[in-house]
Amino acid sequence: MKCDDVLDTVYEADPPFPLGKRLNLAFHIIFCGHCALHLDNYAKTRSLLQANFFPSSPDFSNSIMNSIYQETDESAFDEEAEEHFFGTGGFSVRGWIFAGIILLLSLTTVFFGQDFTSIALDEGSSFLLPLGIITGVVITGYGALFIGSHLKEFSERFKL
């Protein structure tokens, strides 16, 4: 009997085998250490899975939902809660403008460096297009972030 046949028979069939088949299996398992090891591991795994190996977990859903309901009842999400959640710190409008000017100057002065001229001469004018796109995307993204984070202030200031 081959090892694959023995393992397939044990894994797939029901345990009460005919006497002849049991003798063939026992004879093979006695002389084949590989199959004996596999069947020993199979028996241990099967006994673990048949026992209550995994304890039941406690149910926290009621206590979690009660906590959520209490939080929503106590404070509605208004401007005070928003200030508490997001904080009042951060850049002022003046700080954002100062950082934007520094960003703009650093992105535009890259074109005047010695390394840039040597790379531009080696790569040709096709190098300028991706660099210009990246510069435009960074400046546009910074402007959108600046305006989006100060939208309420701008709408009050310009009466929009």
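Structure's up top.
Residues numbered from 1 in each chain as written. Predicted model: local features only at pLDDT ≥ 70, side-chain atom pairs only at ≥ 80, totals over all residues. Heavy atoms only, no water.

1. Considerations on the overall build of the chain
Piece 1. If you tally the helices and strands in the chain, you get 9 helices and 0 strands.
Piece 2. Taken from N to C terminus, the helices and strands of the chain fall in the order α-α-α-α-α-α-α-α-α.
Piece 3. Among the 160 residues that make up the chain, the fraction classed as buried is 12%.
Piece 4. For the chain, contacts bridging at least 24 residues in sequence account for 60% of all contacts bridging at least 6.
Piece 5. With an accessible surface of roughly 13400 Å², the chain has 64% of that area assigned to carbon and sulfur atoms. (Helix = DSSP H or I, 4+ residues; strand = E, 2+ residues; numbered from the N terminus. Buried < 20%, exposed > 50% of the residue type's maximum accessible area, 1.4 Å probe, protein only. Contact = heavy atoms within 4.5 Å. Areas by Shrake-Rupley, 256 points an atom, 1.4 Å probe, with all protein chains shown as cover.)

2. A short note on the packing of aromatic side chains
Piece 1. A full pass over the atoms with the stated rule returns 3 aromatic pairs.
Piece 2. Here Trp96 and Tyr142 contribute two aromatic rings whose centre-to-centre distance is 5.4 Å and whose plane-to-plane angle is 40°, an arrangement assigned as tilted. Highlighted residues: Trp96 in helix H6 (residues 93-109) and Tyr142 in helix H8 (residues 128-149), separated in sequence by 46 residues.
Piece 3. Residue class for Tyr142 comes out partly exposed when judged on its relative accessible area of 21%. (Phe/Tyr/Trp six-rings, centres within 6.5 Å; stacked < 30°, edge-to-face > 60°.)

3. What to know about the packing of H6 against H8
Piece 1. H8 packs onto H6 with a crossing angle of 180° between their chain directions and a minimal axis gap of 11 Å. In terms of their interaxial angle, H6 and H8 are classed as roughly antiparallel. Of H8, the residues touching H6 (which contributes Val93, Trp96, Ile97, Ala99, Gly100, Leu103, Leu104 and Leu107) are Thr135, Val138, Ile139, Tyr142, Leu145, Phe146 and Ser149.
Piece 2. Its residues assigned to classes, the contact of H6 with H8 shows 12 nonpolar, 3 polar and no charged. (Axes fitted to C-alpha atoms, helices over the stretch in contact; angles between N-to-C directions. Parallel < 35°, antiparallel > 145°, perpendicular 65-115°, else oblique. Nonpolar A, V, L, I, M, F, W, Y, C, P; charged D, E, K, R; others polar.)

4. Here's the deal with the pattern of salt bridges
Piece 1. Enumeration according to the criterion identifies 1 salt bridge in this entry.
Piece 2. Between Asp40 and Lys44 there is a salt bridge, with the nearest N and O atoms lying 3.5 Å from each other. In this pair, Asp40 and Lys44 both sit in helix H3 (residues 33-50), 4 residues apart, roughly one turn of the helix.
Piece 3. For Asp40, a relative accessible area of 37% gives the class partly exposed. (Salt bridge = Lys/Arg side-chain N within 4 Å of Asp/Glu carboxyl O.)

5. As for the nonpolar core
Piece 1. Counting residues in hydrophobic clusters, the biggest one holds 8 residues: Val6, Leu7, Val10, Phe17, Leu25, Cys32, Cys35 and Leu39.
Piece 2. With 3 residues, helix H1 (residues 3-12) is the single largest residue contributor to this core. (Core = buried A, V, L, I, M, F, W, Y, C linked by side-chain atoms within 4.5 Å.)

6. A closer look at the packing of H1 against helix H2 (residues 19-31)
Piece 1. In contact at an axis separation of 11 Å, H1 and H2 are set at 125° when each is read in the N-to-C sense. On the basis of their axis angle, the class for H1 and H2 is oblique. The chirality of how H1 crosses H2 is left-handed. Side by side, H1 and H2 meet where Cys3, Val6, Thr9 and Val10 of the first sit next to Lys21, Leu25, His28 and Ile29 of the second.
Piece 2. Across the contact of H1 with H2, the residue classes break down as 5 nonpolar, 2 polar and 1 charged. (Left-handed = near helix turned anticlockwise from the far one by under 90°.)

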